[in-house]
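# Coordinate analysis (summary)
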Amino acid sequence: MASVAQPVPQVDVLPQATKTVRWPSRTESHRPASLRSDVDEEMEAQPRDTDSISIDSMQSLPDFNGRRMVTFNDERTTTAYEAWELVCIKDGRTRRSWKSFCGIDFGTRWYIQHDGCILVNPLVSFDQGELADMHEDAIRAYKPKHGVSQERGYEQDLANRAHDLPYDHYDKLQQLLEDKTMATNRNPYRHREWRVVVLQPSEFRMTELLPERKRKGFFSWKKQPPATRTWFVVLRGQEVKSTKEDGGWKAHHRHSNPWWRFDSRETKEERGQHKDMTEKIDRARERRYHRHRPRPRPAGHMPPPPRPPMLR
């Protein structure tokens, strides 16, 4: 490609004694960088890790308190522990009366406000080793029945206590396990399960010591329940199965068909005939539509005025 000569502008060279220094103007000093300079800086920048630019990179970001998520660097780690707390806030109750006489209320009733809830809070002040030791200590402290191993007896007692939880507590705990199972099984090569390994009842502590519990009545042996019941829960996530199959385990849903390849191959001729028949019906409908379609009227055409009724 032949180069085109550009005219060289003529510049008047001043003598050395009369040569002045030209300072940049205000517009030139604030002139934005050219496109070429931006490209050069981008080419000289360090290459970025494209694998970390994804939604999973949010796992490495700290929360608003500055805490980072638990992340294992060794792929051989197959067990994880987490501590959680269930806080039961009871429904409020108000006392109302429908009649009063001389300042004395008659016919008082208690009305439930239905403003209670169950809070599920993570407890982050425990490390993995501390939670594992807590699980082992709970197994050692359990006294099994005769003829049953200590670990087996503790697991059966834990299952019974979890089953006896109130309905709303059990529902919240089940939702927590389902969320953890769904979040940790996005890898088609590994399957992980979450189980409750520690379940201890407690209550919200406002002072160093808990209040003394008195009996509800003179003929009652049950003590007063705590004002706010809490449950200390330890979950254990464990890898139970893995595969080396190419692509990992395959997915399925309620409408999936594992034999769709063979079905498509065997019904190819019938599906072709159905397609041809559908196209013929569509063409016939199109011809019929054009045949009975009213003709367009020319522009500016006015319909004739209605005739007046004939007199008899």
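This text gives an overview of the structure that appears in the document. (Residues numbered from 1 in each chain as written. Predicted model: local features only at pLDDT ≥ 70, side-chain atom pairs only at ≥ 80, totals over all residues. Heavy atoms only, no water.)

## Structural notes on the nonpolar core
Residues Leu199, Val233, Val234 and Leu235 are the most contacted members of the largest nonpolar core, which totals 25 residues. Each residue touching Leu235, except ones within four places of it in the same chain, is listed here: Ala80, Tyr81, Glu82, Trp84, Leu176, Leu177, Lys180, Trp194, Arg195, Val196 and Val197. (Core = buried A, V, L, I, M, F, W, Y, C linked by side-chain atoms within 4.5 Å. Buried < 20%, exposed > 50% of the residue type's maximum accessible area, 1.4 Å probe, protein only. Contact = heavy atoms within 4.5 Å.)

## Here we look at the packing of helix H3 (residues 128-141) against helix H4 (residues 150-163)
At a minimum axis distance of 8 Å, the contact between H3 and H4 shows a crossing angle of 100°. The angle between the axes of H3 and H4 places the two elements in the roughly perpendicular class. Contacts from His135, Ala138, Ile139, Arg140 and Ala141 of H3 reach H4 at Gln150, Glu151 and Tyr154. (Axes fitted to C-alpha atoms, helices over the stretch in contact; angles between N-to-C directions. Helix = DSSP H or I, 4+ residues; strand = E, 2+ residues; numbered from the N terminus. Parallel < 35°, antiparallel > 145°, perpendicular 65-115°, else oblique.)

## Let's talk about the state of the cysteines
Tallied over the full model, the rule gives zero disulfides. The closest cysteine sulfur to the non-disulfide-bonded Cys88 is located on Cys117, 8.5 Å from its own sulfur. Under the relative-accessibility criterion, Cys117 is labelled partly exposed at 34%. (Disulfide = S-S within 2.5 Å.)

## Thoughts on the pattern of salt bridges
Under the criterion given, the structure shown has eight salt bridges. Asp74 is paired through a salt bridge with Arg76; the nearest N and O atoms lie 3.2 Å apart. By relative accessible area, which is 34% here, Asp74 ends up partly exposed. Taking the shortest distance from any N to any O, the salt bridge between Lys180 and Glu82 comes out at 2.8 Å. Linking Lys180 in helix H5 (residues 167-183) with Glu82 in strand S1 (residues 79-89), this pair joins segments that are 98 residues apart in sequence. The exposure class assigned to Lys180 is buried, which follows from its relative accessible area of 17%. For Glu82, a relative accessible area of 22% puts it in the partly exposed group. (Salt bridge = Lys/Arg side-chain N within 4 Å of Asp/Glu carboxyl O.)

## Notes on the packing of aromatic side chains
Aromatic ring pairs are reported here in terms of the distance separating the ring centres and the angle at which the planes meet. The tally for this structure, following the rule as stated, stands at two aromatic pairs. Each ring, one from Tyr142 and one from Tyr154, has its centre 6.3 Å from the other, and the planes form 70°; the classification is edge-to-face. Taken together, the residues span a long stretch of sequence, with Tyr142 in the loop between H3 and H4 and Tyr154 in helix H4 at a distance of twelve residues. Sitting above the plane of the Trp194 ring, Lys180 keeps its charged end 4.9 Å from the centroid. (Phe/Tyr/Trp six-rings, centres within 6.5 Å; stacked < 30°, edge-to-face > 60°. Lys NZ or Arg CZ within 6 Å of the ring centre and 35° of its normal.)

## Thoughts on H5
Taking 1.5 Å of rise per residue, 17 residues should cover 24 Å, and H5 covers 24 Å from first to last C-alpha, within 8% of that figure. For H5, every residue scored as buried is listed here: His169, Leu173, Leu176, Leu177 and Lys180. Taken around the axis of H5, the buried residues stretch over an arc of 95°, which confines them to a single face. Across H5 from its buried face, at more than 90 degrees, point the exposed residues Tyr167, Asp179 and Met182. Where the residues of H5 are buried, they touch S1, strand S4 (117-123), strand S5 (190-203) and strand S6 (229-242). (Expected span 1.5 Å × (residues − 1). Arc of directions from axis to C-beta.)

## Some words on the side chain of His135
Tracing the chain through its elements places His135 in helix H3. Judged by relative accessible area, His135 falls into the buried class, the value being 10%. Excluding its chain neighbours within four sequence positions, the residues that come into contact with His135 are Tyr81, Tyr154, Val197, Val198 and Arg236.

## Quick look at the sheet that holds S1
Judged by pairing direction, the sheet is antiparallel, and its four strands sit side by side in the order S4-S1-S6-S5 without closing on themselves. Strand pairing shows two members of the sheet lacking a second neighbour, S4 and S5, which therefore form its edges. For this sheet the average axis-to-axis angle between neighbouring strands, irrespective of direction, equals 25°. One ladder, built from ten bridges, connects S1 with S6; its direction is antiparallel. Note on S6: the bridge partner recorded for Ala83 is Val234. (Pairing = 2+ DSSP bridges.)

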